[in-house]
Amino acid sequence: MNPMQTETVHVPLGDRSYNVRIGEGLIEAAAAEFAPVLDRPRVAVLTDETVAEAHLERLKTGLGSIEVTSLALPPGEATKSWAALERTVEWMLAEKIERRDVLIALGGGVIGDLGGFAAAILRRGIRYVQIPTSLLAQVDSSVGGKTAINSPAGKNLIGAFHQPALVLADISVLNTLTKRDFLAGYGEVVKYGLLGDAAFFEWLETNGPALAAGDAAMRAYAVRRSVEMKAEIVARDETEQGDRALLNLGHTFCHALEAATGYSDRLLHGEGVAIGCALAFELSSRLGFCAQEDPSRVRAHLKAMGMKTDLSDIPGELPDAEALVDLMGQDKKVIDGQLRFIMARGIGETYVTSDVPREAVVTLLADALKSK
Ligand code: GLY
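Residues numbered from 1 in each chain as written. Predicted model: local features only at pLDDT ≥ 70, side-chain atom pairs only at ≥ 80, totals over all residues. Heavy atoms only, no water.

(A) Up close: the side chain of Gln130. Along the chain, Gln130 falls in strand β6 (residues 127–132). In this structure, Gln130 is in contact with Ala105, Gly112, Ser141, Ser142, Pro164, Leu166, Val167 and Leu168, ignoring residues within four places of it in sequence. (Helix = DSSP H or I, 4+ residues; strand = E, 2+ residues; numbered from the N terminus. Contact = heavy atoms within 4.5 Å.)

This is how it looks when you write it as structure tokens:
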């Protein structure tokens, strides 16, 4: 088989524009990939202990003669904290990382979000490169410049928009993911088809199983199409004044479910997104916005992939429907106390609306909880 060609998706944001490079072996080729963004041959690598074990040596080898200083933090959501931010920033200062230097965030969404935020505030902003090592990070969190840490008051409440200078999505790292983590990331891939590209959703219905089984070319295509869609939306609405909210399809439900399960491994973010997408389509159909067949088709694909699809797939107790809707009220997308939902007119056709009666959401969730 010929080696896979590296694809480039450009994110056009004026002087904050950058490329997302997608292919196999990009970590091994890091020195050449980094050449356009380095002012001097020195980088700081932020990662977590698990990713460091799997990929840090490979990256150091790939960077060749470029000098590397690295910090590996404990893996997990708890690392998106003030304490870890302080540690990261103080480490970069101690390592004399200058304004013209580059931080590499090597890891999943946690390291990408934390590293991006640390880069945004160090010396009033240095550049950073994302090397996402989870499918979720490759298709979503590494692109678009949302950076953040969590507060006890909620997830991602402290952060900044700070675009990376480059994203290297090396498809081969996906081979080291557990099936559960891979499928959780796939929840975000399905989201793209559902929110804006019916043909892509159809492609996933056909090719999803082979892609999950390890087909590298299909994985690269799914990552590329997802990133293309994200780049196009972010270019239209970088700071989420409008259309960027479409990327949150399923997320209002997801955030309530994540809060209800204590952000634990009872429910991974991407799993919540998949269940949330199914609920968003069900709600759209009940309100007469889309055809009845659409939610069934969404659920059928998630089930065919062996993914969590219904509230009954979440282990343990959940709060009642009213309490779940109250948890949605904590969402960042609330404006003037009004919940905003991404609703569907059909597969691949979504829009943002505040015009969803609370009662309809409560009834939907009460029905969904009955089958639990
Ligand atoms: N993950 C949603 C966004 O980047 O806007």
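There's plenty left to go through after this.
(B) Up close: the sheet that holds strand β3 (residues 42–48). Reading across the sheet, the 7 strands line up as β1-β2-β9-β6-β5-β3-β4 and stay open at both edges, with mixed pairing between neighbours. Pairing within the sheet leaves two strands with one partner each, and these edge strands are β1 (7–11) and β4 (67–73). Taken over all neighbouring pairs, the strand axes of this sheet differ in orientation by 20° on average, direction set aside. Note that β6 and strand β9 (residues 166–170) share 2 bridges and pair parallel. Pairing of Val129 across the sheet is with Leu166, part of β9. Strands β3, β4, β5 (102–107), β6 and β9 of the sheet are contacted by helix α2 (residues 49–63), whose axis makes an angle of about 160° with β3. Contacts from helix α4 (residues 109–121) reach β3, β4, β5 and β6, with the element oriented near 165° to β5. (Pairing = 2+ DSSP bridges. Axes fitted to C-alpha atoms, helices over the stretch in contact; angles between N-to-C directions.)

(C) Spatial organisation of the site of the ligand. All residues adjacent to the ligand are Asp140, Lys146, Lys230, Glu240, Arg244, Leu247 and Asn248. Within the contact set of the ligand, a nitrogen atom lies 3.0 Å away from a side-chain nitrogen or oxygen of Asp140. In isolation the ligand has 200 Å² of accessible area, and contact with the protein removes 89% of it. Of the residues in the shell around the ligand, the class split is 1 nonpolar, 1 polar and 5 charged. (Near = heavy atom within 4 Å. Polar contact = N/O pair within 3.5 Å; in protein donor to acceptor, adjacent residues only side chain to side chain. Areas by Shrake-Rupley, 256 points an atom, 1.4 Å probe, with all protein chains shown as cover. Nonpolar A, V, L, I, M, F, W, Y, C, P; charged D, E, K, R; others polar.)

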